[in-house]
Amino acid sequence: MICFLFVISAFLIGYSLNPSVGFKSAIEASSVALALVGVYVAHLLSKNRERVKEYENVYSLLNGICVVSKKIADIVEASKKEYKKGEYISAPLPSIEIITVCSEELLNTYKKDVDSLEAKRLFDPDSVIAVLNFKLHFQLFVHQVLVYMNFYNKMNKNMKDSLEYYSAQIKYQILAGEIEEAKENRHNHDSLLVSHFNSHCDSILTQYQLLVENKNQVGLGLRNAKKSL
């Protein structure tokens, strides 16, 4: 489009240099107008390209974070427990495979990269909101994964108190010879522990799904921005 405008402008300027041509001033004015339009259009396209580049940079980071998060989410999902009554569980430990894809230092580095994202130069409000939501959910994701990696030590106090209560009851009932009662409390203790662990895993998986949804929204904004060119 720009090239076409400049070609027409150059043609009109050249044509106006011919002494035999009338309306010379009008032609010169038209050529200048076309040149100005061309410059304006070039400016708009350049600005749009900068915005598209901004989209590409943001989307590239979000996509990379989602790739790493999926590896973590897959490990977390596979580590969920299926409790059966009578099964003895000392503590549902997180999968040691988690250390092969992340560490606390690495997660905090990813978090800093995500926190530094700026969405103000993106085209549409939906993309801006998606980036802000992504930042929020990744903060929650990182926090919950760090808890998962040291699950028992970082368990909330109310849950620890409940588990310790059942453990104390079990010891007392065994010493008192109340074996059936001790077995029932062992069931309550283990089922509560597994339920809490699975619930925490589900929270991580939910945050991962929200990361993907917001990343896809930015991807949609990127496609629309490219179409505008």
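The rules behind these values
Residues numbered from 1 in each chain as written. Predicted model: local features only at pLDDT ≥ 70, side-chain atom pairs only at ≥ 80, totals over all residues. Heavy atoms only, no water. Helix = DSSP H or I, 4+ residues; strand = E, 2+ residues; numbered from the N terminus. Buried < 20%, exposed > 50% of the residue type's maximum accessible area, 1.4 Å probe, protein only. Core = buried A, V, L, I, M, F, W, Y, C linked by side-chain atoms within 4.5 Å. Contact = heavy atoms within 4.5 Å. Salt bridge = Lys/Arg side-chain N within 4 Å of Asp/Glu carboxyl O. pLDDT = per-residue confidence, 0-100.

Undergrad: Run through the environment of Leu 117, naming residues and quoting values.
TA: Its location among the elements puts Leu 117 in the loop between helix H3 (104–115) and helix H4 (125–149). Judged by relative accessible area, which is 9%, Leu 117 ranks as buried. With 60 residues separating them along the chain, Leu 117 and Asn 57 place their C-alpha atoms 9.5 Å apart.

Undergrad: Which residues make up the nonpolar core, and what values go with them?
TA: Ile 72, Phe 134, Phe 138, Phe 141 and Tyr 148 are the most contacted members of the largest nonpolar core, which has 46 residues in total. Contributing elements (two or more residues each) for this core: helix H2 (24–78), H3, H4, helix H5 (157–175) and helix H6 (179–227). Looking at this core, the element that brings in the most residues is H6, giving 12 residues. Those residues in contact with Phe 138 that sit more than four places away from it in its chain are Ile 65, Ser 69, Leu 107, Tyr 110, Lys 111, Val 114 and Leu 211.

Undergrad: Any chance you could break down the pattern of salt bridges for me, citing the residues and the numbers?
TA: All told, the structure shown has 5 salt bridges when counted by the stated rule. With a shortest N-O distance of 3.2 Å, Asp 115 and Lys 111 are connected by a salt bridge. Of the two residues, Asp 115 and Lys 111 are both situated in helix H3; the distance of 4 residues between them amounts to about one turn of the helix.

Undergrad: Provide a residue-level description of the confidence of the model for the chain, including the pertinent values.
TA: Scored by pLDDT, the chain has a mean of 82; 76% of the residues are at 70 or more. Here residues 32–46 scores under 50 on pLDDT; set against residues more than four positions off or in separate chains, the count is 15 contacts.

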